[in-house]
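Analysis of the macromolecular model
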Amino acid sequence: MYEPIRAKSVHSTMAGTPHDFPHRSREEELDIQLAGHLAALLAVTDELRAAAPSAALDTAAERLTEQVTRLRGGRTPARASAATTDREPNAAALHRRAHALAGRALVVAASRADTAVAILAAEQMDAHAAALQPRALTSH
């Protein structure tokens, strides 16, 4: 019915061969992903700082820079200057975007058990959620 294969296969398998490409561990992949989310959050924070400077945003930017630098092995993130934006920023849209990025960073930080980044991301989520809430009117 079938004739047995007598010749060596022209197709090779990866089993038993040394890998000729670098592999990253799960931790390294999570570090890269987390640094990316934090760098994106930093970029949005810088946009918000350019639109409406505040001490809280300055502090957040410093803390984000520290964490991105740590995760990238000492390489500091690229920062856009305030003069590079030529459009009027929509603060509410920026806060929504920052909130979403902080949420993504929180998920990755929790999966890699990075408490410092998880706390920072949660604080940023709270800050951006609060910035989106309408101000309560007080009557006196």
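Details of the structure are given in the entry above.
From a predicted model like this one, the values you see are computed outputs, not experimental measurements. (Residues numbered from 1 in each chain as written. Predicted model: local features only at pLDDT ≥ 70, side-chain atom pairs only at ≥ 80, totals over all residues. Heavy atoms only, no water.)

Before going further, it helps to examine the side chain of Gln67. Tracing the sequence through the fold places Gln67 in helix H2 (residues 55-71). If we skip the residues at most four places from it in the chain, Gln67 touches Leu38, Ala116, Val117 and Leu120. (Helix = DSSP H or I, 4+ residues; strand = E, 2+ residues; numbered from the N terminus. Contact = heavy atoms within 4.5 Å.)

Once that is clear, we can look at the pattern of salt bridges. In this structure the tally under the stated criterion is 10 salt bridges. In this structure, the salt-bridge partner of Arg112 is Asp31, at a minimum N-O distance of 2.5 Å. Highlighted residues: Arg112 in the loop between helix H3 (91-111) and helix H4 (115-132) and Asp31 in helix H1 (residues 26-51), separated in sequence by 81 residues. The pair Arg112 / Asp31 is uniform in exposure class, with both members buried. Among the salt bridges present, the one from Asp58 reaches Arg49, with a minimum N-O distance of 2.6 Å. On the accessibility criterion, Asp58 (30% relative accessible area) is partly exposed. Looking at Arg49, the relative accessible area reads 25%, which means it is partly exposed. Residues participating in the shared-partner salt-bridge network are Glu27, Asp31, Arg70, Arg112 and Asp114. (Salt bridge = Lys/Arg side-chain N within 4 Å of Asp/Glu carboxyl O. Buried < 20%, exposed > 50% of the residue type's maximum accessible area, 1.4 Å probe, protein only.)

Attention now moves to the side chain of Asp31. For Asp31, a relative accessible area of 18% gives the class buried. Setting aside residues up to four positions removed in sequence, Asp31 forms contacts with Leu71 and Arg112.

With that out of the way, let us pick up the packing of H1 against H3. Where H1 contacts H3, the axes come no closer than 9 Å and their chain directions differ by 160°. What the angle tells us is that H1 and H3 run roughly antiparallel. For the crossing formed where H1 meets H3, the hand is left-handed. Contact with H1, carried on its side by Arg26, Leu30, Gln33, Leu34, His37, Leu38, Ala40, Leu41, Val44, Glu47 and Leu48, involves Ala91, Leu94, His95, Arg97, Ala98, Leu101, Ala102, Arg104, Ala105, Val108, Ala109 and Ser111 of H3 and no other residues of that element. (Axes fitted to C-alpha atoms, helices over the stretch in contact; angles between N-to-C directions. Parallel < 35°, antiparallel > 145°, perpendicular 65-115°, else oblique. Left-handed = near helix turned anticlockwise from the far one by under 90°.)

It is worth spelling out unusual backbone geometry at this point. The backbone of Ala113 shows a phi angle near 60°, a positive value even though the residue is not glycine. Tracing the sequence through the fold places Ala113 in the loop between H3 and H4.

Remember that the coordinates give geometry; whether it matters functionally is a separate question.
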